[in-house]
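# Report on the structure
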Amino acid sequence: MNMLEVTNLSISFGGLKAVNEFNLTIKKGQLYGLIGPNGAGKTTVFNLLTGVYKADTGTIVLDGQDLVKLSTIEINKAGIARTFQNIRLFKELTVIDNVKVGLHNGTPYSTFDGIFRLPKYFKAEKEITEKAMELLKVMGLEAEANFTAANLPYGKQRKLEIARALATSPKLLLLDEPAAGMNPNETAELMNTIRFVRDNFDMTILLIEHDMKLVSGICEEVTVLNFGTELTHGITADVLNDERVIKAYLGD
Amino acid sequence: MKKLSKSTKNSLINYGMVIALYVVIMIIQLCGGLSNSMKGFLVPVCIYVIMAVSLNLVVGILGELSLGHAGFMCIGAYSGAIFSKLTEDTITVAPIRFTIAIIIGAVFAALFGALIGIPVLRLKGDYLAIVTLAFGEIIKNLVNVINFGVDSNGLHFSLKSAMDMGLAEDGKIIIKGAQGISGTPQDSNFTVGIILVLITLFVVQNLVNSRDGRAIMAIRDNRIAAESVGINITKYKLMVFTISAALAGAAGVLYSHNFSTLTSAGDKFNYNASIMILVYVVLGGIGNIRGSVIAAVILYILPEKLRFLSDYRMLVYAVVLIVVMLFNWSPKAKEFKEMVSYKIKGMFAKKEETQA
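Residues numbered from 1 in each chain as written. Chains lettered and ligands numbered in written order. Predicted model: local features only at pLDDT ≥ 70, side-chain atom pairs only at ≥ 80, totals over all residues. Heavy atoms only, no water.

On to the overall build of chain A. A tally of helices and strands in chain A yields ten helices and ten strands. Its C-alpha atoms give chain A a radius of gyration of 19 Å, near enough to 18 Å, the size a compact globule of 252 residues would have. For chain A, the C-alpha atoms occupy an extent of roughly 65 × 40 × 35 Å along the three principal directions. The buried share of chain A, taken over its 252 residues, is 53%. Partitioning the intrachain contacts of chain A with sequence separation of at least 6 by distance along the chain shows that 65% fall at a separation of at least 24. (Helix = DSSP H or I, 4+ residues; strand = E, 2+ residues; numbered from the N terminus. Rg over C-alpha atoms; globule rule 2.2 N^0.38 Å. Buried < 20%, exposed > 50% of the residue type's maximum accessible area, 1.4 Å probe, protein only. Contact = heavy atoms within 4.5 Å.)

Time to look at the overall build of chain B. Within chain B one finds 13 helices and five strands. Considered along the principal axes of its C-alpha atoms, chain B spans approximately 85 × 60 × 50 Å. Residue burial in chain B is summarised as follows: out of 356 residues, 49% are buried. Taking as baseline every contact in chain B between residues at least 6 positions apart, the subset at least 24 positions apart corresponds to 73%.

For the rest of this paragraph, the subject is the nonpolar core. Counting 108 residues, the largest nonpolar core has I231(B) and L254(B) as its most contacted members. The element best represented in this core is helix α2 (residues 36–62) of chain B, accounting for 18 residues. Not counting chain neighbours up to four residues away, the residues in contact with I231(B) comprise I73(A), V101(A), H104(A), A215(B), A218(B), I219(B), A226(B) and Y236(B). Judged by nonpolar contacts, the second largest core, of 43 residues, contains V95(A), A132(A), L166(A) and V215(A). (Core = buried A, V, L, I, M, F, W, Y, C linked by side-chain atoms within 4.5 Å.)

This part is about the domain arrangement of chain A. Residues and elements named next belong to chain A. One can read the domain layout of chain A as domain 1 (1–79 + 170–252) and domain 2 (89–168). For domain 1 and domain 2, the distance between their C-alpha centroids amounts to 27 Å. Counting from both sides, the interface comprises 19 residues of domain 1 and, opposite them, twelve residues of domain 2. Across the interface of domain 1 and domain 2, roughly 1,300 Å² is buried in total on both sides, 70% from carbon and sulfur atoms. Where E189 meets K159, a salt bridge forms, and the shortest distance between an N and an O atom there is 2.6 Å. Where domain 1 meets domain 2, there are two residue pairs in polar contact (both at pLDDT 80 or more). Mapped by element, the contributors of at least two residues to the side of domain 1 that touches domain 2 are α2 (72–78), β7 (172–176) and α7 (184–201). It is α7 that provides the largest number of residues to the side of domain 1 that touches domain 2, a total of seven residues. Considering only residue class, the side of domain 1 that touches domain 2 consists of eleven nonpolar, three polar and five charged. (Domains from an automatic or database assignment. Buried area = accessible area lost by both parts, 1.4 Å probe. Salt bridge = Lys/Arg side-chain N within 4 Å of Asp/Glu carboxyl O. Polar contact = N/O pair within 3.5 Å; in protein donor to acceptor, adjacent residues only side chain to side chain. Nonpolar A, V, L, I, M, F, W, Y, C, P; charged D, E, K, R; others polar.)

All told, the structure shown has 17 salt bridges over all chains when counted by the stated rule. Between E221(A) and K27(A) there is a salt bridge, with the nearest N and O atoms lying 3.7 Å from each other. Linking E221(A) in strand β9 (residues 221–226) with K27(A) in strand β2 (residues 16–27), this pair joins segments that are 194 residues apart in sequence. Of the residues examined, K27(A) reaches a relative accessible area of 43% and is grouped as partly exposed. Measuring nitrogen to oxygen at the nearest pair gives 2.5 Å for the salt bridge that ties E144(A) to K156(A). Here the residue E144(A) occupies a position in the loop between α5 (119–138) and α6 (154–167), and K156(A) occupies one in helix α6, the gap between them amounting to twelve residues. Owing to a relative accessible area of 28%, K156(A) belongs among the partly exposed residues under this scheme. Overlapping salt bridges bring together E92(A), R220(B) and D221(B) as one network.

Here K237(B) shows up in helix α9 (residues 233–256). With near-sequence residues (within four places) excluded, K237(B) lies in contact with L62(B), E64(B), L121(B), L123(B) and K124(B).

It is worth spelling out the environment of L31(A) at this point. All names here are of chain A. Within the secondary structure layout, L31 lies in strand β3 (residues 31–35). When its relative accessible area of 0% is taken as the criterion, L31 is described as buried. Distance in space between the C-alpha atoms of L31 and V215 is 9.6 Å, their sequence separation being 184 residues. Setting aside residues no more than four positions away along its own chain, L31 makes contact with I194, R195, R198, I205, L207, I218, C219, E220 and E221.

The subject of this paragraph is helix α1 (residues 42–49) of chain A. All names here are of chain A. Most of α1 is tucked away, with seven of its eight residues classed as buried. Regarding α1, the residues found buried are K42, T44, V45, F46, N47, L48 and L49. Immediately downstream of α1, the backbone of G51 shows phi near 80 degrees, a positive value.

All names here are of chain B. Helix α10 (residues 271–284) packs onto α2 with a crossing angle of 75 degrees between their chain directions and a minimal axis gap of 9 Å. One element, α2, and the other, α10, form an angle in the roughly perpendicular class. In this structure, α2 contributes Y48, M51, A52, L55, N56 and V59 to the contact, and α10 contributes M276, I277, L278, Y280 and V281. Residues that form the contact of α2 with α10 fall into these classes: ten nonpolar, one polar and no charged. (Axes fitted to C-alpha atoms, helices over the stretch in contact; angles between N-to-C directions. Parallel < 35°, antiparallel > 145°, perpendicular 65-115°, else oblique.)

Structure follows, in structure tokens:
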């Protein structure tokens, strides 16, 4: 069964075709990689998938639901959550509050309940605190729950972003360079975390990454993007040994 | 006893602080130790505490600069006063009439907050600041030319002059252009002021420490990320703007019922007033509710108490503002404060140890 089907997706900025006739099919439960040299349009694809940019042409279907006309908020509710290449945390909130913001739409009480502290408020707050702590445990952040997010070390900030994205209970998780700036140990740990998330949360994951060790280590399939168009796609090991791909990265 | 969370503890301290202040002042008053000039400060202090706390919701929690806060106070003041004048003879029980007046003032201000919020909140940063500034001025000047009266035929209204309304002989002029509203029943007192301060704290603090408060602060910290986790930015901006305006409106009603005449002339509703409230918020600490309360109390009373310096009064006031600013925000001062609080905590810890 296909979780995500993207057909003929295109967008241009002025005369530049940032993404051109892009196709992508991800099966349910798959760990899929999107790679390509700098400026290939990978993050633009993420922005199109999450509604930050509106596609000029093409369709995006998530689990049978058409997403093209939806806003970012509606797309998130439909089941896509993402992390960002340049970390975007709620810096002045605590670590646990960052996750609770992710649980926002899953918190069942109204503004009125909140201001007048009705029983619903206490019940729901207790539940989401537990949920948030669970997510932090998965990411190994439970000890830092009450830290201000800005004070976390870099690697943990990336993990917190994943926890926050997971809190929206998505069907598809988009990770934009999750290993950027991590040392080899942290990357290895991150690989385990991503696998754990896929297996235990029943998640489909699409990730952008430059670290080929991570890509070959966990992605089952990859698509290579170059100058906005697809170069090739297929089983990771085959694609990474493809001469065209090596050329695109290293030049002639 | 159940363990209280840090935010609940902070809220309780704030309520306690306000109630303690009330009790102390009431005791002093009963003993006759309160000068007439001090008595005159009591209600205005409450008004400006409400204004500062409600503006802090916009500036500190939502992170948008609004310079038209006094405009909402103006709307509240006028709508509340009009109601009281209209019903002066029908509702004779002052507390009931005043309560309804406060609600009406808050609702009208909230209405304007929402009405102006819809187009304006698409703007950000400086642009929003400029538009809110203009809004405040427009309200003030508009109110300045309105004539409004009532007679047996109903309500009358004119922008030219009071005569133009053509009131019948039994008519009563309510707003007389630039002369404003006179003879508003003086229902405001310190107790009502303190109750309103407590209500303001209750609403603002509970909002901030709820699902909606987290969403609002998330928008402040990172708009794009907030949207990506499904937070409706326009809705929350509008909500904050409306609630803040409603509270300012209530403060306005308190204001208009504190004096018998209400005019929009002078500097009570213009941008100077808005900036002054912003100064309370900034010096008290942006996003810090308790700071807003303390700053509003001290900074309102200080320039009044400095009157004996006559010409040098505002000079001293300015120096005080700069010193407070440095003490609150400079890194050295922060370090010093941390060291002091650490030492104090250390002393208490030692005592506990020796007791154990």
